[in-house]
Amino acid sequence: MKLKLKGKKVLVYGMGISGQSASKLLHDEGACVSIYDDENRFSNIFNFEKNPFMKNFDLIVVSPGIKLIGNQLIAHFTMNGTPIISELDLGYLLTKSTIIAITGTNGKTTVTSLTGEIFKTAGKESYVCGNIGLPICSVATKASKKAFLVCEVSNFQLEGSKFFKADDACILNIAPDHIDRHGSFDEYFRVKKKILTNRRRQKVVLNFDDNFVNSINFSKKTMFFSKKLLNKGVFVKNNAIYYNKTKIISLNDIPLFGEKNLENVLASVAISVQYNIKPYYIRKAIINFKAPAHRLEFVGYVNGASVFDDSKATNISATLSAINSLGDQNLIILLGGLNKDCKFDEIFNENYNFEQILCFGQAGQEIYDCAIKYGYNPLIFKTMKEACYYAKSIANEKLKILLAPACASFDEFASYSVRGEVFKEIMLGTFEKIEMAR
Ligand code: UMA
């Protein structure tokens with residue numbers, strides 16, 4: 001579809017970074033841009049629409065954070081037939097570059113940044129964008145036709161998308177998450193699968209080891225990756241990653257920690273070999289790769305205990321993989337925050353032998369009750385900060401302290417990254433000093 005925007009009246013809904021990027025792009029394309037946000041603090045901006053219900057627009061562009069179902073403004077424009085697209089759609093419709101889209105419940109950011117690094121190392125023009133923090137609209141028209149947009153795509157972005165078609169689509173894994181937004185796991189899974197378009201020319205990368213991903217109808221051309229031996233694709237053999245018969249890298253040379261990260265590396269390799277990137281560049285980029293923060297990040301030692309920040313573990317499956325990577329023995333685990341309508345039984349019905357469970361935040365009581373039900377002796381704190389200070393007070397050289405909270409952060413923090421930073425600062429003893437300076 002060719003999007004003609006010159007002189008068109010477009011309303012951008014949501015004034016976060018997606019809305020701001022979309023507004024700029026629309027303005028550059030000659031559209032008359034109006035903005036709207038449910039938060040009053042934007043109402044003094046020049047082109048803010050005080051009552052968008054009373055106006056007619058040619059197009060509405062919606063930010064990913066806006067839940068479409070139950071939203072009155074969206075219902076109003078749907079009823080009067082105004083086209084509504086997502087920020088992801090807008091970027092897609094205006095770019096000439098190749099889009100590599102990466103989704104999944106966990107690991108998206110790591111795979112997106114590693115894939116971007118591999119492409120850069122191989123000398124290809126590439127932009128890492130999307131849910132990772134740089135909206136696709138910020139790069140859509142800047143990038144040349146030869147460029148690759150390596151785009152982290154969230155279910156929020158996919159939910160409102162009608163046109164988005166990636167040239168290459170990768171699904172890493174599927175586990176219950178964001179049920180509060182989608183209403184059910186089935187709906188969450190349906191939204192994730194929207195990344196696959198059934199286009200003949202679309203390249204597809206799927207995780208062979210994930211039961212949900214593996215259950216998707218796939219074409220013969222799908223590239224699978226696996227931690228086990230496969231007949232073809234990208235897999236682990238003799239302690240190394242192989243693409244068919246070609247050795248790419250020894251597992252010992254991978255600087256990332258844990259099983260999940262091995263899957264992430266396999267996914268990036270699978271995408272890269274589809275574009276004939278030579279093993280030399282893939283290996284070089286992996287060896288030099290620094291994992292993004294707050295993803296099972298080793299923070300340091302506190303009173304001899306090793307401390308790990310996995311603030312990005314905002315769902316049960318991410319928490320389980322963090323526990324399995326570190327081992328449950330001698331583990332102090334911090335769990336809590338804002339529940340996304342997930343059930344915590346899976347963490348406690350595994351017979352883990354935790355040293356101590358520290359629950360906190362809005363979901364603290366629910367997690368505490370669940371742990372008691374399975375015979376554990378958890379402790380409960382009002383906030384994560386209090387739980388952190390307690391963890392520190394009992395730390396010794398035999399123990400590991402892990403923040404892998406299985407919940408969103410918004411009850412206490414602005415984002416998972418702020419939560420992770422505060423955790424690290426408290427653990428390393430710099431929090432009070434930084435707080436004073438703030
Ligand atoms: N708003 C409304 N009405 C609503 C909801 C929001 O007016 O019902 C307004 C808010 O007042 C605010 C604006 O919308 O002013 C925020 O827009 P947004 O929530 O879409 O956030 P952005 O700042 O545009 O950031 C978004 C992604 N955020 C969400 O999907 C919630 C960012 O992912 C992403 O990095 C960015 O676009 C660039 O693509 C964050 C995220 O938490 C990191 N993602 C979730 C995740 O990873 O689990 C999906």
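The rules behind the values
- Residues numbered from 1 in each chain as written.
- Predicted model: local features only at pLDDT ≥ 70, side-chain atom pairs only at ≥ 80, totals over all residues.
- Helix = DSSP H or I, 4+ residues; strand = E, 2+ residues; numbered from the N terminus.
- Rg over C-alpha atoms; globule rule 2.2 N^0.38 Å.
- Buried ≥ 20, exposed ≤ 12 C-beta atoms within 10 Å, placed from the backbone.
- Contact = placed C-beta atoms within 7 Å.
- Pairing = 2+ DSSP bridges.
- Axes fitted to C-alpha atoms, helices over the stretch in contact; angles between N-to-C directions.
- Arc of directions from axis to C-beta.
- Near = placed C-beta within 6 Å.
- Nonpolar A, V, L, I, M, F, W, Y, C, P; charged D, E, K, R; others polar.
- Domains from an automatic or database assignment.

Next up on the list: the overall build of the protein chain. Across its full length, the protein chain holds 17 helices and 19 strands. What you see for the protein chain is a C-alpha radius of gyration of 23 Å, in line with the 22 Å of a compact globule of 438 residues. Across its three principal axes, the protein chain shows a C-alpha extent of roughly 65 × 55 × 40 Å. The burial tally for the protein chain puts 49% of its 438 residues in the buried class. When contacts within the protein chain are restricted to residue pairs at least 6 apart in sequence, those whose partners lie at least 24 apart make up 66%.

All right, on to the sheet that holds strand E8 (residues 168-171) then. Taken in spatial order, the nine strands of this open sheet run E6-E7-E5-E8-E9-E10-E11-E12-E13, and their pairing is mixed. Each edge of the open sheet is held by one strand with a lone partner, namely strand E6 (126-130) and strand E13 (246-250). Within the sheet, the average angular offset between the axes of one strand and its neighbour, ignoring direction, is 20°. For strand E11 (residues 234-237) and strand E12 (residues 240-243), the ladder comprises four bridges, and the chain directions are antiparallel. Paired with Phe 235 across the bridge in E12 is Tyr 242. Across the sheet, helix H10 (residues 259-274) is in contact with strand E5 (98-103), E8, strand E9 (203-207), strand E10 (223-226), E11, E12 and E13; its angle to E9 comes to roughly 160°.

Before going further, it helps to spend a moment on helix H11 (residues 279-287). Turning to H11, its buried residues are Ile 282, Arg 283, Ala 285 and Ile 286. The arc that holds the buried residues of H11, viewed along the axis, is 165°, so those residues lie on one side. Exposed residues pointing more than 90 degrees away from the buried face of H11 are listed as Tyr 280 and Ile 287. Each element contacted by the buried residues of H11 is listed here: helix H4 (108-121), E13 and H10.

On to the site of the ligand. Close contacts around the ligand come from 19 residues, with Gly 14, Gly 16, Ser 18, Ser 63 and Gly 65 the closest. Broken down by class, the residue content of the shell around the ligand amounts to six nonpolar, ten polar and three charged. A domain-level breakdown of the shell around the ligand finds at least three residues from each of domain 1 (9-82) and domain 2 (90-287).

In this section: the domain arrangement of the protein chain. A common measure of how large an interface is: the accessible area buried when the components associate. Each assigned domain of the protein chain is listed here: domain 1 (9-82), domain 2 (90-287) and domain 3 (297-428). A separation of 30 Å is found between the C-alpha centroids of domain 1 and domain 2. Domain 1 puts twelve residues into the contact, and the matching count from domain 2 is 13 residues. For the side of domain 1 that touches domain 2, the secondary structure elements donating two or more residues are helix H1 (17-28) and strand E3 (59-62).

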